[in-house]
Amino acid sequence: MAQRSVQWPPYVRVAPWLLIVGGLVWNSLDTTNYWGDPMLAAAAVLAGALLTLRDTVAVGVATVAGILVLSSQDGSLGTRAGYLELANTVFAALLGVGVNRVVARHGRRLARVRSVAEAAQRAVLPEPPGRVGELEVAACYRAAQDEALIGGDAYALQATPYGVRVLIADVRGKGLQAVGAVSILLGAFREDSHRAPDLAALADELERSLTWESARMSEEVQLEGFITALLVEFPPGEGAARTLDCGHPGPYLLGGDPPVRRWDATDPGLPLGMGALGVGRPEPETRPFPPGCTLLLVTDGVTEARNAAGEFYDPVLGLAPLGPFAGSREALDALVADVTRWTGGPRDDDMAVLAVTRRGAG
């Protein structure tokens, strides 16, 4: 029963029993009107909606037993009024069991839907390999809502003749339209990253794939649909990283002095899908990426995460006191935990993070 996997606070399990005690005590104080009956009915329905079938039956049995004891004490047992009171109590208990069965049925349906969504998520956004040559990789995806497993953030990593190439992107919009754009983008990246001689050419190929696909969509989607993306290339044997920013937040370099710094692009380009504006694409930038350093690629679910005061999260300020980090997984886990601490609850946007650490050869 899928809904039973929910971890309710302890008071939820106790609440129906408190209602039973309160209802029976109230009935005992006024044996003529039995004003506590609504509390008994509420206990049965609450147990059916939130607890297991066994607990729901136990609550129902306890309610019926309590009414039988009270009816015997006030002399109404065996009378017409006593039978009606007992029938009402039994009906409330059965209603609780019925509610429990309905909730369980919907829980099983939700579990099936979630299993399909998880399979789709793994197919669209598979986990990257943990090690590619001298690069150690870790990735995570956190949806803004706990029940939503698929969104518009994406990442991918591909070993090519030109070195390891990495993509992180954020599709404008939500829902199936965003998922479809993610699927197209990742498919084009996996295919074109092997052929494009540099990151600018790769971005142009991704642009063409998205433009061709958007031609079949509505005019509104064509005008509003775009994807911010960051392309990174790790050329073999160079100890460097090349980046091409397409309207996306810059990556963060962990290690060195200062311990955390953001690699902002000198000339940020337009997001993918806006090539019709005729603005030229900037040249990729090359920076040193020595062994032991970690490059964090994030979406705006990180940089635009807000705390209770409405302040944006800054990975530079948040991660600097937590380092140094042993590798990509430690850095990624620290970032996710710090963002969660900063927001103190649900986020407004999906969050994708890809961490790459340069190790020694082999």
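The structure presented is a predicted model; accordingly, all values stated were derived computationally and were not measured.

1. Some details on the pattern of salt bridges
Part 1 of the argument: This structure, assessed with the given rule, holds 15 salt bridges.
Part 2 of the argument: Note that Glu136 is salt-bridged to Arg359, the shortest N-O span being 3.3 Å. Taken as a pair, Glu136 in strand β2 (residues 135-142) and Arg359 in the segment after β11 (351-358) lie far apart in primary sequence, 223 residues in all.
Part 3 of the argument: The salt bridge involving Arg287 is made with Glu285; its shortest N-O contact spans 3.1 Å. Take Arg287 and Glu285: they sit in the same class, and that class is buried.

2. With respect to the sheet that holds strand β3 (residues 153-160)
Part 1 of the argument: The five strands are arranged β3-β4-β5-β6-β9 in an open sheet whose pairing can be described as antiparallel. Single-partner strands in this sheet number two, and they are β3 and β9 (285-288). The average undirected angle you get between the axes of adjacent strands in this sheet is 20°.
Part 2 of the argument: When strand β6 (residues 240-246) meets β9, the two strands line up antiparallel, connected through four bridges. Looking across to β9, one finds that Ala240 is bridged to Pro288.

3. Here's the deal with helix α3 (residues 53-74)
Part 1 of the argument: If you check α3, its first and last C-alpha atoms are 32 Å apart, about what 22 residues at 1.5 Å a residue would give, namely 32 Å.
Part 2 of the argument: Within the sequence span of α3, burial applies to Asp55, Thr56, Val59, Gly60, Thr63, Val64, Gly66, Ile67, Leu70 and Ser71.

4. Focus: the pairing of β2
Part 1 of the argument: The buried count for β2 comes to seven of eight residues, which makes it a mostly enclosed element.
Part 2 of the argument: Where strand β1 (residues 131-132) lies against β2, two bridges are found, and the strand directions are antiparallel. When the bridges of β2 are listed, Arg131 appears paired with Glu136.
Part 3 of the argument: Relative to β11, β2 is paired through eight bridges, and the arrangement is antiparallel. Pairing of Tyr141 across the sheet is with Ala352, part of β11.

5. Considerations on the confidence of the model for the protein chain
Part 1 of the argument: When pLDDT is averaged along the protein chain, the result is 83; 85% of the residues meet or exceed 70.
Part 2 of the argument: pLDDT under 50 marks residues 1-5. Its contacts with residues more than four places away, or in other chains, come to 16 contacts.
Part 3 of the argument: Per-residue pLDDT stays below 50 along residues 218-223; that stretch engages in four contacts with residues further than four places along the chain or on separate chains.

6. What to know about the packing of aromatic side chains
For any pair of aromatic rings, the description consists of the separation of the ring centres together with the inter-plane angle of the planes.
Part 1 of the argument: In total, this model carries two aromatic pairs according to the counting rule given.
Part 2 of the argument: Summarising the aromatic geometry, the rings of Phe234 and Phe289 are spaced 5.4 Å apart at their centres and angled 45° between planes, so their arrangement reads as tilted. With a gap of 55 residues between them, Phe234 in strand β5 (residues 227-234) and Phe289 in the loop between β9 and β10 (294-298) connect regions that are remote in the sequence.
Part 3 of the argument: Given the relative accessible area of 4%, Phe234 is considered buried.
Part 4 of the argument: We classify Phe289 as buried; its relative accessible area is 0%.
Part 5 of the argument: Ring geometry for Tyr313 against Trp342: centres 5.9 Å apart, planes inclined by 65°, an arrangement best described as edge-to-face.

7. As for the packing of helix α1 (residues 10-29) against helix α2 (residues 37-50)
Part 1 of the argument: Where α1 meets α2, the closest approach of the two axes is 7 Å, and the angle between their N-to-C directions is 165°. For the element pair α1 / α2, the angle class is roughly antiparallel. At the point where α1 passes α2, the crossing takes the left-handed sense. For the pair α1 and α2, contact is made by Val12, Ala15, Pro16, Leu19, Ile20, Gly22, Gly23, Leu24, Trp26 and Asn27 and by Asp37, Met39, Leu40, Ala42, Ala43, Leu46, Ala47 and Leu50, respectively.
Part 2 of the argument: In terms of residue class, the contact of α1 with α2 is built from 14 nonpolar, three polar and one charged.

8. Regarding the packing of α2 against α3
Part 1 of the argument: At a minimum axis distance of 8 Å, the contact between α2 and α3 shows a crossing angle of 165°. It follows that α2 is roughly antiparallel to α3 by the angle criterion. Pair α2 / α3 crosses with left-handed handedness. Along its contact with α2, which presents Asp37, Leu40, Ala43, Ala44, Ala47 and Gly48, the element α3 presents Thr56, Val59, Thr63 and Ile67.

The rules behind the values
Residues numbered from 1 in each chain as written. Predicted model: local features only at pLDDT ≥ 70, side-chain atom pairs only at ≥ 80, totals over all residues. Heavy atoms only, no water. Salt bridge = Lys/Arg side-chain N within 4 Å of Asp/Glu carboxyl O. Helix = DSSP H or I, 4+ residues; strand = E, 2+ residues; numbered from the N terminus. Buried < 20%, exposed > 50% of the residue type's maximum accessible area, 1.4 Å probe, protein only. Pairing = 2+ DSSP bridges. Axes fitted to C-alpha atoms, helices over the stretch in contact; angles between N-to-C directions. Expected span 1.5 Å × (residues − 1). pLDDT = per-residue confidence, 0-100. Contact = heavy atoms within 4.5 Å. Phe/Tyr/Trp six-rings, centres within 6.5 Å; stacked < 30°, edge-to-face > 60°. Parallel < 35°, antiparallel > 145°, perpendicular 65-115°, else oblique. Left-handed = near helix turned anticlockwise from the far one by under 90°. Nonpolar A, V, L, I, M, F, W, Y, C, P; charged D, E, K, R; others polar.

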